[in-house]
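Close look at the chain arrangement
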Amino acid sequence: MVENTMNEVKMAKLELIDEESFFERLSSEQRKLYSIAFSYLRNEADALEVVQEASCRAWMKRKKLKDEQSFTPWLIRITINCCMDELRRKKRVFPVEKLEDETAQEMKSSDRIDLERAMDRMKPKYRHVIMLKYYQDMKTVDIAKVLKKPEGTIKTWLREGLKQLRKDL
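Everything in this summary refers to the structure shown in the same document. What you see is a predicted model; the values in this text were computed from it and never measured.

1. Overview of the overall build of the protein chain
A count of helices and strands for the protein chain gives 8 helices and 0 strands. Seen in sequence order, the protein chain has helices and strands lined up from the N terminus as α-α-α-α-α-α-α-α. Burial statistics for the protein chain: of 169 residues in total, 33% are counted as buried. The contacts in the protein chain between residues at least 6 apart in sequence include a share of 65% that link residues at least 24 apart. Accessible surface, the protein chain: about 11800 Å² in total, of which carbon and sulfur atoms supply 53%.

2. Points about unusual backbone geometry
The backbone of Arg42 shows a phi angle near 55°, a positive value even though the residue is not glycine. Along the chain, Arg42 falls in the loop between helix H1 (2–41) and helix H2 (44–60). The class for Arg42 is partly exposed, based on a relative accessible area of 32%. Phi is positive for Lys148, which is not a glycine, with a value near 55°. Secondary-structure assignment places Lys148 in the loop between helix H7 (140–147) and helix H8 (151–168). The class for Lys148 is exposed, based on a relative accessible area of 66%.

3. Quick look at H8
The end-to-end C-alpha distance of H8, which contains 18 residues, comes to 26 Å, matching closely the 26 Å that a straight helix rising 1.5 Å per residue would cover. Here H8 has its buried residues at Ile154, Trp157, Leu158, Gly161, Gln164 and Leu165. Taken around the axis of H8, the buried residues stretch over an arc of 130°, which confines them to a single face. Facing away from the buried side of H8 by over 90 degrees, the exposed positions are Arg166 and Lys167. The secondary structure elements touched by the buried residues of H8 are helix H5 (111–121), helix H6 (124–135) and H7.

4. Points about the pattern of salt bridges
Between side chains of opposite charge, a pair can form as their charged atoms come close. Under the counting rule described, the total for this entry stands at 11 salt bridges. Ionic pairing is found between Asp46 and Lys90, a salt bridge with its closest N-O pair at 2.0 Å. Of this pair, Asp46 sits in helix H2 while Lys90 sits in helix H3 (residues 71–92), and the two are 44 residues apart along the sequence. By relative accessible area, Asp46 is classed as buried at 11%. Between Arg57 and Asp85 there is a salt bridge, with its nearest N and O atoms 2.9 Å apart.

5. Overview of the packing of H3 against H7
For the pair H3 and H7, interaxial distance at closest approach is 8 Å and the crossing angle is 65°. In this structure, H3 meets H7 at a crossing whose hand is right-handed. The segment H3 lies against H7, with Pro73, Ile76, Arg77 and Ile80 engaging Lys145, Val146 and Leu147. Here the contact of H3 with H7 is composed, by residue class, of 5 nonpolar, no polar and 2 charged.

6. Digging into the packing of H6 against H8
Close contact between H6 and H8 brings their axes to 8 Å; oriented N to C, the two are set at 95°. Accordingly, the angle class assigned to the pair H6 and H8 is roughly perpendicular. Where H6 approaches H8, its residues Lys125, Tyr126, Val129, Ile130, Lys133 and Tyr134 are matched on the opposing element by Ile154, Trp157, Leu158, Glu160, Gly161, Leu162, Gln164 and Leu165. Across the contact of H6 with H8, the residue classes break down as 9 nonpolar, 2 polar and 3 charged.

Reading the values: the criteria
Residues numbered from 1 in each chain as written. Predicted model: local features only at pLDDT ≥ 70, side-chain atom pairs only at ≥ 80, totals over all residues. Heavy atoms only, no water. Helix = DSSP H or I, 4+ residues; strand = E, 2+ residues; numbered from the N terminus. Buried < 20%, exposed > 50% of the residue type's maximum accessible area, 1.4 Å probe, protein only. Contact = heavy atoms within 4.5 Å. Areas by Shrake-Rupley, 256 points an atom, 1.4 Å probe, with all protein chains shown as cover. Expected span 1.5 Å × (residues − 1). Arc of directions from axis to C-beta. Salt bridge = Lys/Arg side-chain N within 4 Å of Asp/Glu carboxyl O. Axes fitted to C-alpha atoms, helices over the stretch in contact; angles between N-to-C directions. Left-handed = near helix turned anticlockwise from the far one by under 90°. Nonpolar A, V, L, I, M, F, W, Y, C, P; charged D, E, K, R; others polar. Parallel < 35°, antiparallel > 145°, perpendicular 65-115°, else oblique.

Have a look at this one:
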């Protein structure tokens, strides 16, 4: 009985250490997660909410992470999935104020707005790769880890996405 109690205490201490290291690693990635979320959602409040949601999902699914080296790509993937969920949710709800804002913005058409529209029309797989490469300055090897695809596929998607952007712009 005393041995069982000792094992329980050891397990509790181990979990506490794991919890501390998890949150330390998570907090060191918060800035990167926020910039990814912001590049997808283009809204500070939504980006912060998505980072919080991604952190929560990561905490709940932390036991499924097998390889500690994959922590950052795993977090980025969760964040992208949360962003996509939020974008899908926003498509269903379209507030009237936003409609008025967009018509006002159309009056001041600029290169940035044209680029954002072209990115919105792009296939998600190409958009993910381009956003991670050019907005987050990630290497193709890292993007391949995040998206769980071969590096050659990532390079192809990058080339095709850029080709589509050139055509649209």
